[in-house]
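# Fold and contact review
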Amino acid sequence: MSEHNVHTTEDHGHGDHEGMTKGRIWKVFFILLFITVIEFIIALWIKPAGYFGDHAILIGNSLYIALTLLKAFYIVAYFMHLKFEKLGLQLALSVSFIFIIYFIVLMLIEGGYIHDHMPQLP
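Here goes a summary of the coordinates provided. Since the structure is predicted, the reported quantities are computational estimates derived from the model, not experimental observations.

Our next topic: the overall build of the protein chain. Along its length, the protein chain carries four helices and zero strands. For the protein chain, the N- to C-terminal ordering of α and β elements is α-α-α-α. Expressed as a percentage of contacts within the protein chain between residues at least 6 apart in sequence, the contacts between residues at least 24 apart total 55%. Working note: accessible area of the protein chain is about 10400 Å², and carbon and sulfur atoms make up 71% of it.

Take a look at the structure:
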C-alpha cells in the first residue's frame, strides 16, 4: 500500500558534514582559547608595559583586529559549517562580506567630507 524508502547519507549528500566530530570541535575550541589568551596577554601585559614603543596603539589595535578576524574565521567556518558548504556558496558569502566592509569603510571616510568642507555659518 504505502512505500517506505530508507534514506542513507549517500542519498542526501551529507557526507561532507560528517567532518565535524567531537575531536575537531575540541581542536577549534583550543585554537580559539589560544587566540583569546594571546589577546589577553597583549592587553594586560605587553601593551601597558610599553613593549610596542611609540606606536603602541597602532600595533596593538592592528593585532587585535587580525586576531579577531582569525577567531571570526574559525567560528564561521566550523561552528556555522561554512567550511563544509560548496565553493559557490562560500564565494558568494565571502564576496558579499567584502563589499559590505568596503562600503562601511567608504561611508566612514566620506562621512567626514561635509563636516570638513562645508562653510561654517556664524
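Right, let's talk about the side chain of Glu39 for a bit. Turning to its location among the elements, Glu39 is positioned in helix α2 (residues 22-49). Here Lys71 takes part through its side chain, which lies 3.2 Å from a polar atom of the side chain of Glu39.

Our next topic: α2. For α2, which comprises 28 residues, the first-to-last C-alpha distance of 39 Å matches the rise-based estimate of 40 Å (1.5 Å per residue) to within 8%. All buried positions along α2 are accounted for by Val28, Leu32, Ile35, Glu39, Ile42 and Ile46. Those residues of α2 that are buried lie in contact with α3 (56-79). A positive backbone phi angle near 80° is found at Gly50, which sits one or two residues after α2.

The geometry of an aromatic ring pair is captured by two quantities: the separation of the ring centres and the angle between the planes. Per the counting criterion, the structure on display carries seven aromatic pairs. Between Phe73 and Tyr74, the aromatic rings sit 5.4 Å apart at their centres with planes inclined by 70°, giving edge-to-face as the arrangement. Site record: aromatic cluster; members linked through ring pairs are Trp26, Phe29 and Phe30.

Closest axis-to-axis distance for the α2/α3 pair is 11 Å, and the angle between their directions is 170°. By the angle between their directions, the pair α2 and α3 is classed as roughly antiparallel. The hand of the α2/α3 crossing is left-handed.

Let's shift gears to the pattern of salt bridges. Pairing between side chains of opposite charge can happen when the charged atoms of each approach one another. Scanning the entire structure with this criterion turns up one salt bridge. A salt bridge links Lys71 to Glu39, with the nearest nitrogen and oxygen atoms 3.2 Å apart. Taken together, the residues Lys71 in helix α3 and Glu39 in helix α2 connect sequence positions 32 residues apart. Comparing Lys71 with Glu39, the two get one shared label, buried.

For the rest of this paragraph, the subject is the side chain of Lys71. According to the relative accessible area criterion, Lys71 is buried, its value standing at 18%. Once residues within four sequence positions are removed from consideration, Lys71 is found in contact with Leu32, Ile35, Thr36 and Glu39.

Turning our eyes to something else, we now look at the nonpolar core. In this structure, Met20, Val28, Leu32, Tyr74, Ala77, Tyr78 and Phe84 together form the largest nonpolar core, which totals seven residues. Those elements that provide at least two residues to this core are α2 and α3. For this core, the element with the most residues is α3, which contributes three residues. Sequence-distant contacts of Met20, defined by excluding residues within four places in its chain, comprise Ile25, Tyr78, Phe79, His81 and Phe84. Judged by nonpolar contacts, the second largest core, of six residues, contains Ile35, Ile42, Phe52 and Ala56.

Calculation criteria
- Residues numbered from 1 in each chain as written.
- Predicted model: local features only at pLDDT ≥ 70, side-chain atom pairs only at ≥ 80, totals over all residues.
- Heavy atoms only, no water.
- Helix = DSSP H or I, 4+ residues; strand = E, 2+ residues; numbered from the N terminus.
- Contact = heavy atoms within 4.5 Å.
- Areas by Shrake-Rupley, 256 points an atom, 1.4 Å probe, with all protein chains shown as cover.
- Polar contact = N/O pair within 3.5 Å; in protein donor to acceptor, adjacent residues only side chain to side chain.
- Expected span 1.5 Å × (residues − 1).
- Buried < 20%, exposed > 50% of the residue type's maximum accessible area, 1.4 Å probe, protein only.
- Phe/Tyr/Trp six-rings, centres within 6.5 Å; stacked < 30°, edge-to-face > 60°.
- Axes fitted to C-alpha atoms, helices over the stretch in contact; angles between N-to-C directions.
- Parallel < 35°, antiparallel > 145°, perpendicular 65-115°, else oblique.
- Left-handed = near helix turned anticlockwise from the far one by under 90°.
- Salt bridge = Lys/Arg side-chain N within 4 Å of Asp/Glu carboxyl O.
- Core = buried A, V, L, I, M, F, W, Y, C linked by side-chain atoms within 4.5 Å.

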